[in-house]
Amino acid sequence: MRTTANVEQHQAWNGHEGAHWAQHQDRWDAVNAGFDEPLLTAAAVGAGDHVLDIGCGAGSTTRLAARRAGHGSALGLDLSAPMLARARESARQEKVANVEFEQADAQTHPLDPAAFDAAISRFGVMFFADPVAAFANIARALRPGGRLAFVCSAAAERNEWLQAMAALGAHLPTGGFGTPGGPGMFSLADSGRVREVLAAAGFTGIAVAGVEAYGTWGSGAEEVADFLLDSGPGRHLTGQVGPVDRERARADLVAVLRGHERDGAVRLRSAAWLVTAHRPG
Ligand SMILES: C[S@@+](CC[C@H](N)C(=O)[O-])C[C@H]1O[C@@H](n2cnc3c(N)ncnc32)[C@H](O)[C@@H]1O
């Protein structure tokens, strides 16, 4: 890939975080699949469309968009080599021929101008060092009148998995984890900020709607706790304490997750913003 303006993100998504997502993509898809239908419907992806999937990761939304696009196509763009390897393999296995994947920084990559009818993202647009520059780059890649639709993390109140992570606060330095703003996954959790960024990037018709979905995180509280503690945020927090505090934190997390165990599954509600806008026609 060419240069990246997002060096830390590039390292994270090509390091443990990317490997964790690539290895556990089926689980992440079970967690986030409830957002797919609202996202693709909001983007109005239809036959013949050319779709750009930003921060596509292992590409499940890219493949869904490609299927809807029929004789059109979908391009998935992502920083992460391990997740793109998984994306290409899944597309090959599922025989989805009208997808391509490219390792690139969506903020800086010179996308073909006016090449896409729609740009979509499932939780892949929150990590830009310069969000206005990134969304302006995406806007240029849309044809005039082209549509943008994405889901991004909303704040903690309705997010049960975030509340579960908050249970770690007695033993781990959770600090402002989950607070809107700042870099990282909650950078667009303030809907006013979303509107400001998209307007400054040249989008119009901006709408931000709350959307919620239950995701299946695993089969039991113990293994979901281990999964969460091994994910990027979990490792970041547990890496700052010793084994005794880590074990206490895990026990508290297991106790919270027990409350969400039902019929052999742990299901948690996630809250997101469903954001739509378009390039002026
Ligand atoms: C939370 S994951 C979501 C992945 C995928 N959309 C999904 O729903 O499974 C965020 C993704 O955004 C990608 N990403 C972060 N910053 C990026 C950037 N500047 N350009 C392209 N991709 C980026 C990461 O590599 C990662 O795959």
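Our structure is the block above this text.
Only a predicted model underlies this, so the values are computations on that prediction, with no experimental measurement involved. Every chain's residues receive numbers from 1 upward, in the order its sequence appears when written. In keeping with the predicted nature of the model, local features appear solely for residues at pLDDT of at least 70, side-chain atom pairs appear and are counted solely at 80 or more, and the whole-chain, interface and lining totals rest on all residues.

1. Regarding the overall build of the chain
Comment: elements are numbered from the N terminus, with helices defined as DSSP H or I runs of at least four residues and strands as E runs of at least two. Scanning the chain from terminus to terminus reveals 12 helices and 8 strands. A compact globule built from 281 residues would reach a C-alpha radius of gyration of about 19 Å, and the chain, at 18 Å, matches this within 12%. Overall, the C-alpha framework of the chain stretches about 55 × 40 × 35 Å when taken along its three principal axes. With C-beta atoms placed from the backbone, a residue is buried if 20 or more other C-beta atoms are within 10 Å of its own, exposed if 12 or fewer are, and partly exposed between those counts. Put simply, the chain has 281 residues, and 45% of those count as buried. Here, residues touch in the contact sense if the C-beta positions derived from the backbone fall within 7 Å of one another. Of the contacts formed within the chain by residues at least 6 apart in sequence, a portion of 79% connects residues at least 24 apart. We compute the radius of gyration over the C-alpha atoms and compare it with the globule rule, which gives 2.2 Å times the number of residues raised to the power 0.38.

2. Looking at the packing of helix α10 (residues 221-230) against helix α12 (residues 243-258)
Here an angle of 0 to 180 degrees is reported between the N-to-C directions of two axes, which are lines fitted to C-alpha atoms, with helices fitted over the stretch in contact. Taken N-terminus to C-terminus, the directions of α10 and α12 make an angle of 125°; their axes are 9 Å apart at the nearest point. In terms of their interaxial angle, α10 and α12 are classed as oblique. Relative to α12, α10 is oriented so that their crossing is right-handed. Along the contact surface, α10 presents Ala221, Glu222, Val224, Ala225, Leu228 and Leu229, while α12 presents Arg250, Leu253, Val254, Leu257 and Arg258. The nonpolar class holds Ala, Val, Leu, Ile, Met, Phe, Trp, Tyr, Cys and Pro. Asp, Glu, Lys and Arg form the charged class, and all remaining residues, Gly among them, are polar. The residue makeup of the contact of α10 with α12, split by class, is 8 nonpolar, no polar and 3 charged. Roughly parallel refers to an angle under 35 degrees, roughly antiparallel to one over 145, roughly perpendicular to one between 65 and 115, and oblique to any angle outside these ranges. Here a crossing is called left-handed whenever its near helix is offset anticlockwise from the far helix by less than a right angle, and right-handed whenever the offset is clockwise.

3. Considering α12
Expected span of a helix, by definition, is 1.5 Å for each gap between consecutive residues, and there is one gap fewer than residues. An ideal rise of 1.5 Å per residue puts 22 Å on 16 residues; α12 measures up with 22 Å between its terminal C-alpha atoms. Buried residues along α12 sit against α8 (160-166), α10, α11 (232-238), β7 (261-262) and β8 (265-278).

4. Digging into unusual backbone geometry
Phi at lysine 95 takes a positive value of approximately 55°, unusual for a residue other than glycine. Position of lysine 95 among the secondary structure elements: in the loop between α6 (81-93) and β3 (99-103). By the C-beta count within 10 Å, which is 6 here, lysine 95 ends up exposed. Positive phi, close to 55°, is recorded for alanine 114, a residue that is not glycine. By the element assignment, alanine 114 lies in the loop between β3 and β4 (116-122). Residue alanine 114 is classed as partly exposed on the basis of its C-beta count, with 13 C-beta atoms lying within 10 Å.

5. Quick word on the environment of phenylalanine 227
Topologically, phenylalanine 227 is positioned in helix α10. The class for phenylalanine 227 is partly exposed, based on 18 C-beta atoms found within 10 Å. Here the alpha-carbon distance between phenylalanine 227 and arginine 27, two residues 200 residues apart in the chain, equals 9.7 Å. The residues touching phenylalanine 227, leaving out its near neighbours within four places in the chain, are Arg27 and Gly218.

6. Describing the environment of glycine 46
Examined against the element boundaries, glycine 46 turns out to sit in the loop between α4 (36-43) and β1 (50-54). Assessed through the 14 C-beta atoms surrounding it within 10 Å, glycine 46 is described here as partly exposed. Once the C-alpha coordinates of glycine 46 and glycine 70 are considered, the two residues, 24 residues apart in sequence, prove to be 7.7 Å apart.

7. Some details on the nonpolar core
To define a nonpolar core, we join buried Ala, Val, Leu, Ile, Met, Phe, Trp, Tyr and Cys residues through C-beta atoms within 7 Å and take the resulting set. With 81 residues, the main nonpolar core has Val51, Ala65, Ala119, Ile120, Ile138, Ala149 and Cys152 as its most contacted residues. If we skip the residues at most four places from it in the chain, alanine 65 touches Leu40, Val45, Val51, Asp53, Ala74 and Ile120.

8. Observations concerning the pairing of β1
For β1, the tally of buried residues reaches 5 of 5 residues, placing the bulk of the element in the interior. On β1, burial covers both faces: His50, Leu52 and Ile54 on one face and Val51 and Asp53 on the other are all buried. In this scheme, strands are said to pair when DSSP sees at least two bridges between them. When β1 meets strand β2 (residues 73-78), the two strands line up parallel, connected through 5 bridges. Its bridge partner being in β2, aspartate 53 is matched across the sheet by glycine 76. For the handedness criterion, the strands are oriented away from the viewer, and a crossover whose path from the first strand over the helix to the second runs clockwise is classed as right-handed. In this fold, β1 hands off to helix α5 (residues 60-69), which returns the chain to β2; that crossover is right-handed. Pairing between β1 and β4: 3 bridges, direction parallel. Bridge pairing links valine 51 to alanine 118 in β4.

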